[in-house]
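Topology and contacts: notes
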Amino acid sequence: VCAPGGGAISVQDESDQKKTFVGGQSMRYTGKLKFFLPKQGYGYITIDPGFQYDKEGVPSEIKAEAVEMNCGGGNPAYAEDVQVEFGIWVTARGAFKAFNVTLPGGKPMAAVESLTTTGVQGMPAAA
C-alpha cells in the first residue's frame, strides 16, 4: 500500500504529531527494560540516571506499550533486564510513556527471539 504517486504512508508520523515530547521527538534516552509482557501489551523501563529534562515530574520508571516497541515490523517478544534506547512523551493526562523503544544503536527489539540477562549487550547467549 502506498500514497498516490507511490509515496510512503506513515501512520506513526500522524499519531506522533499529536504527542508532547520530553526533549523533542528526536531525543533518545537510555535505560533498562525491566520487563515486557507481550500478552498484557506493556512493560516498564527504568531510566538511566543523570538526564536533564525540559519538563518537570519525569519519573525514574515509565511504561512502554506494545505499539511503541520498535520490532522491525514484528511483534514484541517477552523481554527482561535489557538495555534500551527510547524517547519520552506525555499523555493528555500527564503520564510519561516511552516511544520508539529499541536496542542500543537503534536496533529493532525483534532482532532477537527473547531478550533476557542471559545474553550479552541485549543478545541472548548461544545455546
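Structural notes, computed from the coordinates. Treat the numbers as computed from the prediction; the structure is a model and nothing was measured. (Residues numbered from 1 in each chain as written. Predicted model: local features only at pLDDT ≥ 70, side-chain atom pairs only at ≥ 80, totals over all residues. Heavy atoms only, no water.)

1. A word on the packing of aromatic side chains
On inspection of all chains with the given rule, the structure shows seven aromatic pairs. Ring centres of Tyr 29 and Tyr 53 lie 5.7 Å apart, and the angle between their planes is 40°; this geometry places the pair in the tilted category. One end of the pair, Tyr 29, is in strand β2 (residues 29-37); the other, Tyr 53, is in the loop between β3 (42-47) and β4 (61-65), with 24 residues separating them in the sequence. Judged by its relative accessible area of 0%, Tyr 29 falls in the buried class. On the basis of relative accessible area, Tyr 53 is assigned to the partly exposed category, the value being 27%. Among the aromatic residues, those joined into a cluster by ring pairs are Tyr 29, Phe 51, Tyr 53 and Phe 86. The ring of Trp 89 has Lys 19 lying over it, and the distance from NZ or CZ to the ring centre is 4.7 Å. Here the guanidinium or amino end of Lys 63 rests over the ring plane of Tyr 42, the centre of that ring lying 4.8 Å away. (Phe/Tyr/Trp six-rings, centres within 6.5 Å; stacked < 30°, edge-to-face > 60°. Helix = DSSP H or I, 4+ residues; strand = E, 2+ residues; numbered from the N terminus. Buried < 20%, exposed > 50% of the residue type's maximum accessible area, 1.4 Å probe, protein only. Lys NZ or Arg CZ within 6 Å of the ring centre and 35° of its normal.)

2. Some remarks on the nonpolar core
Judged by nonpolar contacts, the single largest core of 22 residues is most densely connected at Leu 33, Ile 45, Phe 86, Ile 88 and Val 101. Broken down by secondary-structure element, the contributors of at least two residues to this core are β2, β3, β4, β5 (79-90) and β6 (96-102). The element best represented in this core is β5, accounting for six residues. (Core = buried A, V, L, I, M, F, W, Y, C linked by side-chain atoms within 4.5 Å.)

3. Quick look at the pairing of β3
Burial of the side chains of β3 is restricted to one face: Gly 43, Ile 45 and Ile 47 are buried, whereas none of Tyr 42, Tyr 44 and Thr 46 on the reverse face is. Between the antiparallel neighbours β2 and β3 lie four residues, among them Gly 41 with a positive phi of about 80°. Where β3 meets β4, five bridges bridge the pair, whose relative direction is antiparallel. In the strand pairing of β4, Tyr 42 is matched with Glu 65. (Pairing = 2+ DSSP bridges.)

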